[in-house]
Amino acid sequence: MTAFPVIGRMSPNAKTASLAALMALAMTGLGFAAVPLYDLFCRVTGFGGTTQRYDPVAAAAEPQILSDTISVRFDANVSPNLPWKFYPEHPTDTVSIGARDMAIFIAENNSAHPVIGTASFNVTPDQAGKYFTKIQCFCFTQQRLEPGQQMRMPVLFFVDPKIKDDPDARDVQEITLSYTFHPSDPVDGGKKPS
């Protein structure tokens, strides 16, 4: 006796149609799962310069602070559709590996109406992404700036000492943290700027 007796009695065309429908359902399921799975993959591996997000519950202990230092360069960009000026307060910093540090970015709304923006980010070189951990960042939430408003936005971070154990990343001397602000939909039900 076969496991699927109904399929055994189907015509060849009906079997092909059933298999095609099952394949379509499977592909649709994979399509919905692709984005969260890709995000998880990037966060675990640091692929594409994806940084880590600090989780105080998962962190058993504070990272060891090494005597080694690394240079961190800060890059700021704005989408052409966003009427903001955006730049780092200091374009570079030298940090001790494992020590917490803070960088300040400044954003200014140059338009005559409120604008909400969201920052995307990455780290280069790519192999350093999984060792660059952000504790607090303006990029975790949308930012609303009123007309002419200027805002100082901090990023708290550290470079994980495990970078020195990775043969692909231990010789990295400079890490670039790059942000790009994009316009986003209002979160408070306000009207989009025209």
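Residues numbered from 1 in each chain as written. Predicted model: local features only at pLDDT ≥ 70, side-chain atom pairs only at ≥ 80, totals over all residues. Heavy atoms only, no water.

S.K.: Whenever I open this one, the overall build of the chain confuses me. Can you help?
M.R.: The helix and strand inventory of the chain stands at 2 helices and 10 strands. In sequence order, the chain lays out its α and β elements as α-α-β-β-β-β-β-β-β-β-β-β. In the chain, which comprises 194 residues, the proportion classed as buried is 33%. A separation of at least 24 residues holds for 76% of the contacts in the chain among residues at least 6 apart in sequence. (Helix = DSSP H or I, 4+ residues; strand = E, 2+ residues; numbered from the N terminus. Buried < 20%, exposed > 50% of the residue type's maximum accessible area, 1.4 Å probe, protein only. Contact = heavy atoms within 4.5 Å.)

S.K.: Sorry, what's going on with the state of the cysteines here?
M.R.: Linking two cysteines covalently through their sulfur atoms gives a disulfide. One pass over the structure, following the stated rule, counts 1 disulfide. In this model, C137 is linked to C139 through a disulfide, with the two sulfur atoms separated by 2.4 Å. In this structure the cystine formed by C137 and C139 twists about its S-S bond by roughly 130°; its chirality is therefore right-handed. The two residues C137 and C139 agree in class, both being buried. (Disulfide = S-S within 2.5 Å.)

S.K.: Sorry if this is basic, but what is going on with the pattern of salt bridges here?
M.R.: Note on pairing: side chains with opposite charge can pair once their charged atoms come close. Under the counting rule described, the total for this entry stands at 4 salt bridges. Its salt-bridge partner being E89, residue R152 comes within 2.7 Å of it at the nearest N-O pair. With R152 in strand β9 (residues 150–159) and E89 in the loop between β3 (84–88) and β4 (92–96), this pair connects stretches of sequence that are 63 residues apart. (Salt bridge = Lys/Arg side-chain N within 4 Å of Asp/Glu carboxyl O.)

S.K.: Just checking my understanding: could you explain the nonpolar core for this structure?
M.R.: A general tendency of soluble globular proteins is for nonpolar side chains to be buried together. Judged by nonpolar contacts, the single largest core of 34 residues is most densely connected at I70, F86, F105, F138, I163, I175 and Y179. Those elements giving two or more residues to this core turn out to be β2 (69–78), β3, β5 (101–109), β6 (115–124), β7 (132–137), β9 and β10 (174–183). Counting residues per element, this core draws most heavily on β9, which supplies 5 residues. (Core = buried A, V, L, I, M, F, W, Y, C linked by side-chain atoms within 4.5 Å.)

S.K.: I would appreciate a short explanation of the packing of aromatic side chains in the present structure.
M.R.: Note on aromatic pairs: each is described by the distance of the centres and the angle between the planes. According to the stated counting rule, one finds 12 aromatic pairs in the structure shown. Consider the rings of F138 and Y179, whose centres lie 4.7 Å apart with planes at 45°: the pair is tilted. You can see F138 sitting in the loop between β7 and β8 (143–145) and its partner Y179 sitting in strand β10, a full 41 residues away along the chain. Using a relative accessible area of 5% as the deciding quantity, one classes F138 as buried. We classify Y179 as buried; its relative accessible area is 0%. (Phe/Tyr/Trp six-rings, centres within 6.5 Å; stacked < 30°, edge-to-face > 60°.)

S.K.: Teacher, can you tell me more about the sheet that holds β4 here?
M.R.: Two strands in a sheet stick together by hydrogen bonds in their backbones, pointing the same way (parallel) or opposite ways (antiparallel). The 5 strands are arranged β4-β2-β10-β6-β8 in an open sheet whose pairing can be described as mixed. If you trace the sheet from one side to the other, it starts and ends with β4 and β8, each paired once. Within the sheet, the average angular offset between the axes of one strand and its neighbour, ignoring direction, is 30°. Where β6 meets β10, 8 bridges bridge the pair, whose relative direction is antiparallel. In the strand pairing of β10, A119 is matched with F181. (Pairing = 2+ DSSP bridges. Axes fitted to C-alpha atoms, helices over the stretch in contact; angles between N-to-C directions.)

S.K.: In this structure, what is going on with the environment of V95? I would like to understand it.
M.R.: Relative to the helices and strands, V95 resides in strand β4. Of the residues examined, V95 reaches a relative accessible area of 3% and is grouped as buried. Each C-alpha atom of the pair V95 and V72 lies 7.3 Å from the other, and the pair is 23 residues apart in sequence. Setting aside chain neighbours within four positions, we find V95 in contact with D68, T69, I70, V72, D101, F157 and V159.

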